[in-house]
Amino acid sequence: MSTQKPTILSIAGTRAQKFFDDPRITQAQQLIREALADHQKDITSLTPAKSELKENYEQMIKELSAGRGGALYYNYIGSGFGRGPFVELCDGSLKYDFITGIGVHYFGHSHPDVIEAAVQGAIGNTVMQGHLQQNSNQNEMIQLLSEQVQKKGSAIKHVFLTSSGAMANENALKLAFQKRYPANRVLAFERSFSGRTLALSFITDKAAYREGLPQGLQVDYLPFYDVTNHEKSIKDATYALKKYIKRFPKQHACIFFEPIQGEGGSWEGNEEYFKALFTIAKENHISIISDEVQAFGRTQELFAFQYYNLAQYVDIVTIGKMSQVCATLFAEDHKPRPGLLSQTFTSSGVAINTGYKIIKSLVEDNFLGPKGKIQTLGDYFRVQLKKIESELPHLIQGPYGVGAMVAMTVFKGDAELNKKFSYRLFDLGVLTFTAGGDPTRVRFLMPIGAVEEKDIDEVCKIVKVALLSVSEK
Ligand SMILES: Cc1ncc(COP(=O)(O)O)c(C=O)c1O
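Numbers given to residues run from 1 along each chain, matching the order in which its sequence is written. A pLDDT threshold of at least 70 governs which residues receive local features in this predicted model, and a stricter bar of 80 or more applies before side-chain atom pairs are shown or counted, although totals over entire chains, interfaces and linings include all residues. Hydrogens and water are ignored here; the side-chain numbers use all heavy atoms of the structure.

1. Side note on the side chain of Ser110
Part 1 of the argument: Here Ser110 is to be found in the loop between helix 4 (100-103) and helix 5 (112-122).
Part 2 of the argument: Distance and chemistry together define a polar contact, namely a pair of N or O atoms within 3.5 Å, with one atom able to donate a hydrogen and the other to accept it when in protein, and with adjacent residues in sequence counting only for side-chain atoms on both sides. A distance of 3.1 Å separates the side chain of Ser110 from the backbone nitrogen of Gly82, its partner in a polar contact.
Part 3 of the argument: Here a residue-residue contact requires only that any non-hydrogen atoms of the pair lie within 4.5 Å. Not counting residues within four places of it along the chain, the set of residues in contact with Ser110 comprises Leu36, Gln40, Gly80, Phe81, Gly82 and Ile115. Think of it this way: any DSSP run of H or I at least four residues long counts as a helix, any run of E at least two long counts as a strand, and we number them from the N terminus.

Dropping the structure here:
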């Protein structure tokens, strides 16, 4: 990330500019940088928990689990400090964060430029921005995203910011339904994940996530792309799509897809496959929504639909996670009528400022393209995992994924063993997460802006140890 001072956003001539540019603020930011560097100096490798903090930590875990009404997946409570891929927990341990809050902390932990942008956001007049009161940094973010999404010829240009990936997807659904009224069905994909609102629980293809919920949406599922069976994938999915359109004529408002299925286990899409489906969708006036809440910023292009050359097809795209503030981007012909979209919380000034800084860095620094960090670090990781697979083919298959989305199948996809494996990795100091159900996979979303090849090497050594130790039990 550039070491320049964060941009002061479109506020020339105001008191705000004078305040943000006040030498005392500049000095304070400099002091934070210096203190940060001093305290990060000795963070260079994994560190076990401190024995004197263990008892207190266990108590905190118990309290937090009881307080939130359910156990944590990992015994993880962060201290609020770290360095690059290393994150400190309240037991004093340092762990490798190779899941980053499932794709949020793109520049790792306590990155000086991210903190600087966050401080600038935090000294703004309010904590949150919302429907009647938007600040200038929102405009900067919207212009940046709008400019980037139009590259490669997309008609998408409007950007509606929001506070979560699920809200971005809800807003996308509403745009499509309003545009296609009275069509009231949705086409989605097997194994997909789109969020946890009532409506989205029925697009997400996982029974456990909608157990006990009243059916809010009529969804028809298409088989997702299978890289091992290209022709058949296209044939099966187009056949299913035509069948649904025939069964429910003019009733589908949209087709909702993840270009790369993240929660399902980093399953890659395919240009020819998507184009075959979307050509039929377009002919039948079905809006096309690309859910990139997880895939945004993880392929060679900023937007994953650009990576698959789908600019002519996609009407709406949603982003989240690494962008800190989430968004629904849409074409002019999907503009909502007044009243459809609004909210008390658009997001916090901190999220908007840091998100802007992160996306700007992706666009301006060496992240995108076939030789950019996203692709090269993802490829490097896959090569290292492939070496483990060639040594231990009975324990691991893969790796899979596109760009910086990396996953592998361990123990033939057995859900319980995968969970055990992820816990073993946690104990050994590596944060990952499981994904999908059939097969279950282990997934990595590493902090691309902070990770180096040597970190990947270390993590791979630990992956091997964890594989062997779980297989022995
Ligand atoms: C593809 C996709 N869509 C939507 C969501 C929901 O985002 P959020 O958890 O921010 O609501 C996620 C979250 O994992 C996701 O991966």
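2. So, the site of the ligand
Part 1 of the argument: The environment of the ligand is made up of 13 residues, and the closest members are Gly165, Ala166, Asp291, Gln294 and Lys321.
Part 2 of the argument: With respect to the ligand, the side chain of Glu263 contributes an N or O atom lying 3.2 Å from an oxygen atom.
Part 3 of the argument: The side chain of Asp291 places a nitrogen or oxygen atom 2.8 Å from a nitrogen atom of the ligand.
Part 4 of the argument: Each accessible area is a Shrake-Rupley estimate made with a 1.4 Å probe; only the visible protein chains count as cover when residues are assessed. Coverage of the ligand by the protein amounts to 82% of the 390 Å² it exposes when considered alone.
Part 5 of the argument: Ranked by residue count, the leading element in the shell around the ligand is helix 7 (residues 165-180), at three residues.
Part 6 of the argument: As a working rule, the residues Ala, Val, Leu, Ile, Met, Phe, Trp, Tyr, Cys and Pro are called nonpolar, Asp, Glu, Lys and Arg charged, and the rest polar, with Gly in that last group. Counted by class, the shell around the ligand contains three nonpolar, six polar and four charged residues. Residues are counted as near a molecule or strand when any one of their heavy atoms sits within 4 Å of it.

3. Looking at the nonpolar core
Part 1 of the argument: Joining through side-chain atoms within 4.5 Å is the link that ties buried Ala, Val, Leu, Ile, Met, Phe, Trp, Tyr and Cys residues into a set, and such a set is a nonpolar core. Burial classes: relative accessible area under 20% of the type maximum marks a residue as buried, over 50% as exposed, and values in between as partly exposed (1.4 Å probe, protein chains only). By size, the foremost hydrophobic cluster in this structure holds 104 residues, and its most contacted members are Leu145 and Phe421.
Part 2 of the argument: If you tally residues by element for this core, the top one is helix 14 (residues 453-472), at eight residues.
Part 3 of the argument: When residues of this core are sorted by domain, at least three fall in each of domain 1 (42-103 + 369-473) and domain 2 (128-364).
Part 4 of the argument: Contact partners of Phe421, with chain neighbours within four places excluded, come to Met408, Val410, Phe411, Val442, Val463, Ala466, Leu467 and Val470. Domain boundaries shown here were taken from an automatic or database domain assignment.

4. Let's talk about the sheet that holds strand 18 (residues 433-435)
Two pairing modes exist for strands in a sheet, parallel and antiparallel, and in both the strands are linked by backbone hydrogen bonds.
Part 1 of the argument: Note: two strands are recorded as paired if DSSP finds a minimum of 2 bridges between them. If you trace the four strands from one edge of the open sheet to the other, you get 15-16-19-18, paired in antiparallel fashion. Where the open sheet ends on each side, the last strands, each with one partner, are strand 15 (396-400) and strand 18. If you compare each strand with its neighbour and ignore which way they point, the axes differ by 30° on average.
Part 2 of the argument: The sheet contact formed by strand 15 and strand 16 (residues 406-410) spans three bridges and is antiparallel. Among the inter-strand pairings, Gln397 is bridged to a residue of strand 16, identified as Thr409.
Part 3 of the argument: Inter-axis angles, ranging from 0 to 180 degrees, are taken between N-to-C directions of lines fitted to C-alpha atoms, where helices are fitted over the stretch in contact. Relative to the sheet, helix 12 (residues 373-391) contacts strand 15, strand 16 and strand 19 (441-444), its axis offset from that of strand 15 by approximately 165°.

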